[in-house]
Each structure stands twice: as structure tokens, then as C-alpha cells.
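The residues making up each chain are set out below.
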Amino acid sequence: MEYTMQRSVSGDFDDVVDAAIAALEDQGFGVLCDIDVQATFEAKLDEEFRQYRILGACNPTLAREGLTAEIELGALLPCNVVVYESDDGDVVVSAVAPRQLVGIADNDALDPIAAEVNDRFERVLAAVTDDFEPASET
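Not measured: the values here are computed from a predicted model.

Participant: Any chance you could explain the overall build of the protein here in plain terms?
Facilitator: Secondary structure summary: the protein contains five helices and six strands in total. The linear arrangement of helices and strands in the protein, starting from the amino end, is β-α-β-α-β-α-β-β-α-α-β. Scaling as 2.2 N^0.38, a compact globule of 138 residues should have a C-alpha radius of gyration of about 14 Å, and the protein matches this with 15 Å. Once the C-alpha set of the protein is aligned to its principal axes, its extents read approximately 40 × 35 × 30 Å. Expressed as a percentage of the 138 residues in the protein, the buried residues total 39%. Excluding contacts between residues fewer than 6 apart, the proportion of contacts in the protein whose partners are at least 24 apart in sequence is 71%.

What follows is the structure, encoded as C-alpha cells:
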């Protein structure tokens, strides 16, 4: 079961993160949290890890609609978008697949909201892909 939607690009990691944040904002999402996993592992575990950022994205209007339909939905929010260095040096932007995420709630009222979030995430990924060279196929 696919639980993310993703694109790989060639580019500077920080530039890709900035492009992902800008694309999220263009689609009405704010980034509520930005977790630098590499820095956290270094500080807390004294261990090295690839560049990896978790962006907690939220569209307030869609979140309100979702919480109105399913009050426990907050346990699944915000929607995460991750940007990480792949093993081959490309940068991957990956977003949670909204239909899979809300599917566990088993509430049909969430289907149109998930579809809207899905469409917006597809536009986010397309915008990032448009800003950078597509990753090389191996």
C-alpha cells in the first residue's frame, strides 16, 4: 500500500526545502513545525544521519472541515511533507497520501477533504519538480 506521494529532484537540499515550503504556502498550507532530523540525531544521539526534514503542513480551512467531520482527526494532523537526501544524492520530496491517511478514520465525510488535500499536494510536488532538474533514473 502506497502511503506517500513523492518526486525526486537534483538540486541543493536547502533550496529544495525552501521551494517545498513556498509551494505549500502557495497552496494554502502553513508549516507549523520544521523538524531537522539530522540535527536532532546529532544533538540527542551523537549519530550522523542523512539530511532529512519533516515539515508539518496545515491548511486551516481544510483542517477545520476535517475536524468538524471527525473530531479525532487531530491525531493525524498536521499532514507531513518530508524532504530528504536519497542514497544516490538526489533530493526527495514526499508527502503523506491524504486518502490513505484519512482512510483509517472510515468516515465518508472526509473523502472530499482528502481529495482536495491530495490535489493540492500534487500541485506542490509539481511546483518543486518544475523548479529543479528531475532526478536521474538509475
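We are not done yet, so read on.
Participant: Looking at this model, I keep getting lost on helix α1 (residues 13–26). Mind explaining?
Facilitator: For an α-helix, the turn length of 3.6 residues means that residues three or four places apart are oriented alike. When the terminal C-alpha atoms of α1 are compared, their 20 Å separation across 14 residues agrees well with the 20 Å that a helix rising 1.5 Å per residue should span. All of the buried residues in α1 are F13, V16, V17, A19, A20, I21, A23 and L24. Lining the buried residues of α1 we find β1 (4–10), β2 (30–36), β3 (52–58), β4 (79–85), β5 (91–96) and α5 (111–131). Sitting at the head of α1, D12 places a side-chain oxygen 3.2 Å from the backbone nitrogen of D14.

Participant: Looking at this structure, I do not really get the side chain of S86. What am I missing?
Facilitator: The topology assignment puts S86 in the loop between β4 and β5. A polar contact is formed between the side chain of S86 and the side chain of D88, at a distance of 2.3 Å. With residues up to four places along the chain from it excluded, the contact list for S86 reads R50 and V92.

Participant: Explanation requested: the sheet that holds β1 in the structure shown.
Facilitator: Strands in a sheet are paired, the pairing made by backbone hydrogen bonds, and the direction either parallel or antiparallel. Read across the sheet, six strands follow the order β2-β3-β4-β5-β1-β6 without closing on themselves; strand pairing throughout is antiparallel. Edge positions in the open sheet fall to β2 and β6 (133–134), since each of these has one partner strand only. By the bridge criterion, two bridges tie β1 to β6 in an arrangement that is antiparallel. If you follow V9 over to β6, its bridge partner there is P134. Along the sheet, α1 makes contact with β1, β2, β3, β4 and β5, crossing β3 at roughly 5°.

Calculation criteria
- The numbering scheme is per chain: residues are counted from 1 as the chain's sequence reads.
- This being a predicted model, a pLDDT of at least 70 is required before a residue's local features are given, and a value of 80 or more before pairs of side-chain atoms are given or counted; all residues contribute to the totals for chains, interfaces and linings.
- Only hydrogens and water are removed before side-chain values are computed, so all heavy atoms of the structure are retained for them.
- Only runs of H or I of at least four residues qualify as helices and only runs of E of at least two qualify as strands under DSSP, and these elements are numbered from the N terminus.
- Atoms considered for the radius of gyration are the C-alpha atoms alone. The globule rule reads 2.2 Å times the number of residues to the power 0.38.
- The cut-offs for exposure are 20% and 50% of the maximum accessible area for each residue type, with area from a 1.4 Å probe on protein chains only; residues under the lower value are buried, those over the upper are exposed, and the others partly exposed.
- Should any heavy atoms of two residues lie within 4.5 Å, those residues are considered in contact.
- Each helix should span, by expectation, one fewer than its residue count multiplied by 1.5 Å.
- Counted as a polar contact is a pair of N or O atoms within 3.5 Å, where, for protein atoms, one must be capable of donating a hydrogen and the other of accepting one, and residues adjacent in sequence contribute only when both atoms are in side chains.
- The criterion for strand pairing is that DSSP finds at least two bridges linking the strands in question.
- Structural elements are reduced to axes, namely lines fitted to C-alpha atoms, with helices fitted over the stretch in contact, and the angle between N-to-C directions of any two is expressed from 0 to 180 degrees.

Bear in mind that shape data such as this cannot, by itself, settle questions of function.
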